[in-house]
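A structural walkthrough
Below, each chain spelled out in residue letters.
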Amino acid sequence: MLESDNNRLMITGASPGVGKSFIAANLAAVCAQAGQKVLLIDADMRRGHLHHAFHGKGIKGLSELLARRISVEEAIRHSELDGLDYVARGSVPPNPSELLMQQSFHDFLDTISQHYDLVIVDTPPILAVTDASVVGKLVGTSLMVVRFDTNPPGEIKAAKRRLESAGVRLKGGILNGVKKPTSSRHGYYGSYLYAYR
């Protein structure tokens, strides 16, 4: 994020089920433990479930905030971890993409960015809906999570193209769920595994 225009980071995925919300929540926790003040936003207003990681409820979150039914103070919740706050997805709205395009979302991001060291936005998969394309234009850094043995190269390329055609430049990817073959004791991690047996 050294060359980023702001302190906002988007985590998206190529397709559902790749573990992007898991990655986003854990990254937020690690950064908070390192002393940063972090806000994690669940921008997947259709199927987001980040609130489960904090044993909270999905209602009274981002969708209500963007529809101006609750205030920023009501939307932001504190976690049990010092330095980590989050915004749940809210009630499922009929028009999530349109809500993200409204000025209220821009204003919200601009306001909270001044109060946190890092703002992480978890979005729906880019090949499923266009939400990540909307959010990606408002963040300084965008990362895409892909899952080992789940996302074929063609799907990853298509996801990258879709973001780029919307003007969103990916800064990198996260390969999740890598499995070491059980039939071999060698390979990339072989020497490390051997050294610690």
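Note that the structure is a prediction, hence the values are computed from the model and not measured.

Calculation notes
Residues numbered from 1 in each chain as written. Predicted model: local features only at pLDDT ≥ 70, side-chain atom pairs only at ≥ 80, totals over all residues. Heavy atoms only, no water. Helix = DSSP H or I, 4+ residues; strand = E, 2+ residues; numbered from the N terminus. Buried < 20%, exposed > 50% of the residue type's maximum accessible area, 1.4 Å probe, protein only. Phe/Tyr/Trp six-rings, centres within 6.5 Å; stacked < 30°, edge-to-face > 60°. Lys NZ or Arg CZ within 6 Å of the ring centre and 35° of its normal. Pairing = 2+ DSSP bridges. Axes fitted to C-alpha atoms, helices over the stretch in contact; angles between N-to-C directions. Contact = heavy atoms within 4.5 Å.

This part takes up the environment of Gly154. By the secondary structure assignment, Gly154 is in helix α8 (residues 153–165). Overall, Gly154 belongs to the partly exposed group, its relative accessible area being 47%. Residues Gly154 and Leu40, 114 residues apart in the sequence, show an inter-C-alpha distance of 30 Å.

In this section: the packing of aromatic side chains. Applying the stated criterion to the full structure yields one aromatic pair. For the pair Phe54 and Tyr86, a centre-to-centre distance of 4.2 Å together with 10 degrees between the ring planes defines the contact as stacked. Here the residue Phe54 occupies a position in the loop between α2 (50–53) and α3 (62–66), and Tyr86 occupies one in strand β4 (residues 84–87), the gap between them amounting to 32 residues. Tyr86 matches Phe54 in its accessibility class, with the two residues each being buried. A cation over an aromatic ring shows up here: Lys37 above the ring of Tyr116, its NZ or CZ 5.0 Å from the ring centre.

Taken in spatial order, the seven strands make up an open sheet running β3-β4-β2-β5-β1-β6-β7, and their pairing is mixed. Looking at strand neighbours, the two that pair on one side only are β3 (76–78) and β7 (172–176), the edges of this open sheet. Each neighbouring strand pair of the sheet contributes to a mean axis angle of 25 degrees, computed without reference to strand direction. Sheet topology places strand β1 (residues 8–13) next to strand β5 (residues 118–122); four bridges connect them, and they run parallel. From the neighbouring strand, Arg8 faces β5, where its bridge partner is Val119. Contacting β1 and β6 (141–147), α8 runs over the sheet at an angle of about 160 degrees to β6.

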